[in-house]
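Observations on the three-dimensional arrangement
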Amino acid sequence: EILQALSSQWKRVFSHGPRDLVETLEPERDLCLNLLHWACTTWRGHRTPGQSLQGLRWARPGRGPEASEADGEARKGGGRQGLGARTAALDFALSVLLPWALHRARTAATARGWGEGAVGGWRRALWRALQACEGLEP
């Protein structure tokens, strides 16, 4: 909901500009908003607003029940309770970069007519793969 509210504000601000430019830069707008949201929550070690509402927190692999007590103590003391650097980088790649890259790849493939390529060709196969990934975007 936060991203949708920011997106609608963005559209209002740029509604008076050239429509083609605004539509062309839409994936970059989404990238910036997702990056901002990710940087303010996941990277800084905080839960997302949705996780806070549901009372969820990040699990740390390989840690037993004593870890939850230590996490509780760290939370009371204001310690970092987020993801490790590797897991955060993977989360960034999957939740911020991948949707942008898929959108840009699909736009480029559409512009080049890969969907009308020869049956059995690599472009047609890549087109089908991009179409299958369409539902994976947030």
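Our subject is the structure listed above.
We now turn to the structure provided with this report. (Residues numbered from 1 in each chain as written. Predicted model: local features only at pLDDT ≥ 70, side-chain atom pairs only at ≥ 80, totals over all residues. Heavy atoms only, no water.)

1. Some thoughts on the side chain of Asn 34
Tracing the sequence through the fold places Asn 34 in helix H3 (residues 26-43). Not counting residues within four places of it along the chain, the set of residues in contact with Asn 34 comprises Leu 3, Ser 95 and Val 96. (Helix = DSSP H or I, 4+ residues; strand = E, 2+ residues; numbered from the N terminus. Contact = heavy atoms within 4.5 Å.)

2. Thoughts on the nonpolar core
Among the nonpolar cores identified, the biggest contains five residues, and these are Leu 102, Ala 109, Trp 114, Trp 127 and Leu 130. Within the residue set of this core, elements represented by two or more residues are helix H6 (85-111) and helix H7 (122-132). In this view, Leu 130 contacts Leu 102, Ala 105, Arg 106 and Ala 109; residues no more than four positions away in its chain are not counted. (Core = buried A, V, L, I, M, F, W, Y, C linked by side-chain atoms within 4.5 Å. Buried < 20%, exposed > 50% of the residue type's maximum accessible area, 1.4 Å probe, protein only.)

3. Let's talk about the pattern of salt bridges
Per the stated rule, a full pass over the model turns up four salt bridges. Residue Glu 28 pairs with Arg 104 through a salt bridge whose shortest N-O separation is 2.6 Å. Taken together, the positions of Glu 28 in helix H3 and Arg 104 in helix H6 put the pair 76 residues apart, joining distant regions of the chain. (Salt bridge = Lys/Arg side-chain N within 4 Å of Asp/Glu carboxyl O.)

4. Thoughts on a nonpolar patch on the surface
Taken together, the side chains of Ile 2, Leu 6 and Leu 36 make up a nonpolar region of the molecular surface, amounting to roughly 250 Å² of accessible area. Residue classification places Ile 2 among the partly exposed positions, given a relative accessible area of 45%. (Patch = residues over 30% accessible without salt bridge, like charges linked within 9 Å, V, L, I, M, F, W, Y side chains within 5 Å. Areas by Shrake-Rupley, 256 points an atom, 1.4 Å probe, with all protein chains shown as cover.)

Shape is all these values report; function is a separate question.
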